[in-house]
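Topology and contacts: notes
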Amino acid sequence: MATAGKVITCKAAVAWEPNKPLVIEDIEVAPPQVGEIRIKIVATAVCHTDLYYLLESMPKAGFPAVLGHEAAGVVESVGPGVTEFQSGDKVIPLFLPQCRQCRFCKSPKTNQCELGMDAGHADVMGPEDSRLTCKGKKLVPFAGTSTFSEFTVVNQVSVAKIDHAAPLDKVCLLGCGVSTGFGAAVNTAKVEPGSTCAVFGLGAIGLAAVMGCKFAGAKKIFAVDINPDKFKKAKDFGATDFLNPKDYDKPISAVLAELTAGGVDYALECVGNVGVMRSALESCVKGWGVCVLVGWTDMHDIATRPIQLVAGRTWKGSFFGGFKGRDGVPDMVKAYMDKKVKLDEFITHNMTLAQINDAIELMKQGKCIRTVMSVCPQ
């Protein structure tokens, strides 16, 4: 492209400080350096993790930043040493790298990577060498992706090349929420045909978990949420039963135990609330019940009585649905193209990047599942 090797000035939504509205600014995006890719973002969605960073965890060194990590776009240019990608490729940025070289990437037991979030992305791209600048200040590259921008620069280990026929305004959801929930059921819990499942929380991740349970052949899928307005959508994704904890004068774990002769085979917590995490564990049948923590939070400790685990239950976590991103996301795109998984049904609102604060407000109020924002024309 004509812009290759040059600084690009473009629009981005900048988070100058925590707990404040984002500001649409002109920013400068430097050319990609060794091993990096500059991507024109076509579509991006708002995920609750963006809100968690902006409104809850609010790391002191995390601002100013460009948030956003659930997106799809087109490669504008590549830096030296990049051979797997070229200008014009359709791609999905990944908040979880897959370097394919470290002990974690080489192990089939995990999708973690030494360059991942535990290291704060310091080895992938840290604030000190951000390619994004505004008003003379370096912008923190959130999750190594920063997709609330018309252009961004991402390390090649954090990019998945996808089918050129894929609609970017749909498959952008596979960059986080849908892959996370679906994979938590299929890859992490390993839901079995004929089993009983309970999904706690019916946001995008929870609905994707419901879809994953159905895909895996579960016979009973309990959708648990304090907002009954979400039950119809959960039914569309495969839920068979619906429980509002507010309707009962006993713990929801006791209700599930009564309905399933002792508890469900699999429970997936998709809220990010430590109290719900405990309820999900205690909803599992003793002996073999598996509870998977999917909701993101890092602000409080979790606790339960030891007997819950001694009795044979398993408590485990799932990060990005267990998918190794560069390998797994293209497979999920293919599954969507083959009509094996749903994406369109998650999208409740379509907006533009200029409406980012409206999109954030919709999510804060629980009035959307996913809002997809058009950023650049394809």
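That block above? That's the structure.
Not measured: the values here are computed from a predicted model. (Residues numbered from 1 in each chain as written. Predicted model: local features only at pLDDT ≥ 70, side-chain atom pairs only at ≥ 80, totals over all residues. Heavy atoms only, no water.)

1. Describing the overall build of the chain
Check the secondary structure of the chain and you find 10 helices and 19 strands. In terms of C-alpha radius of gyration, the chain reaches 20 Å, essentially the compact-globule figure of 21 Å for 378 residues. Counting only C-alpha atoms and orienting by the principal axes, one finds that the chain spans roughly 65 × 40 × 35 Å. Out of the 378 residues belonging to the chain, those deemed buried represent 57%. For the chain, contacts bridging at least 24 residues in sequence account for 69% of all contacts bridging at least 6. Separation between the mean location of the 41 positive side-chain charges and that of the 39 negative ones in the chain comes to 3 Å. (Helix = DSSP H or I, 4+ residues; strand = E, 2+ residues; numbered from the N terminus. Rg over C-alpha atoms; globule rule 2.2 N^0.38 Å. Buried < 20%, exposed > 50% of the residue type's maximum accessible area, 1.4 Å probe, protein only. Contact = heavy atoms within 4.5 Å. Lys, Arg positive; Asp, Glu negative; His and termini not counted. Charge placed at Lys NZ, Arg CZ, Asp CG, Glu CD.)

2. Quick word on the pattern of salt bridges
Per the counting criterion, the structure on display carries 18 salt bridges. The salt bridge involving Glu 25 is made with Lys 135; its shortest N-O contact spans 3.4 Å. Of this pair, Glu 25 sits in strand E2 (residues 23-29) while Lys 135 is found in the loop between strand E7 (132-134) and strand E8 (137-138), placing the two residues 110 residues apart along the sequence. With a relative accessible area of 12%, Glu 25 lands in the buried category. Residue Lys 135 is classed as exposed on the basis of its relative accessible area of 63%. (Salt bridge = Lys/Arg side-chain N within 4 Å of Asp/Glu carboxyl O.)

3. Here's the deal with helix H6 (residues 252-259)
Turning to H6, its buried residues are Ile 252, Ser 253, Val 255 and Leu 256. Along the long axis of H6, the arc covered by the buried residues comes to 160°, so they all point the same way. In this structure, the buried side of H6 is in contact with strand E12 (196-200), strand E13 (220-224), strand E14 (241-243) and helix H7 (274-282). Phi for Ala 261, located one or two positions after H6, is positive at around 60°. (Arc of directions from axis to C-beta.)

4. Quick word on the sheet that holds E7
Pairing is antiparallel in the open sheet, where 4 strands are placed in the order E1-E2-E7-E8. At either end of the open sheet lies a strand with only one pairing partner, and these are strand E1 (8-14) and E8. Taken together, the 2 bridges between E2 and E7 define a ladder with antiparallel strand orientation. Bridging from a neighbouring strand, Val 29 pairs with Leu 132 of E7. (Pairing = 2+ DSSP bridges.)

5. Things to note about helix H10 (residues 356-364)
All buried positions along H10 are accounted for by Ile 356, Ala 359, Ile 360, Leu 362 and Met 363. Summarising the axial view, the buried residues of H10 lie within an arc of 155°, below the 170-degree limit, and thus occupy one face. On the buried face of H10, the contacting elements are E1, E2, helix H1 (48-57), strand E18 (347-352) and strand E19 (370-374).

6. Description of the state of the cysteines
Under the counting rule described, the total for this entry stands at 0 disulfides. Counting only cysteine sulfurs, Cys 176 is the nearest neighbor of Cys 47, a cysteine outside any disulfide, at a range of 3.9 Å. Left without a disulfide partner, Cys 270 is nearest to the cysteine sulfur of Cys 213, which lies 8.5 Å away. (Disulfide = S-S within 2.5 Å.)

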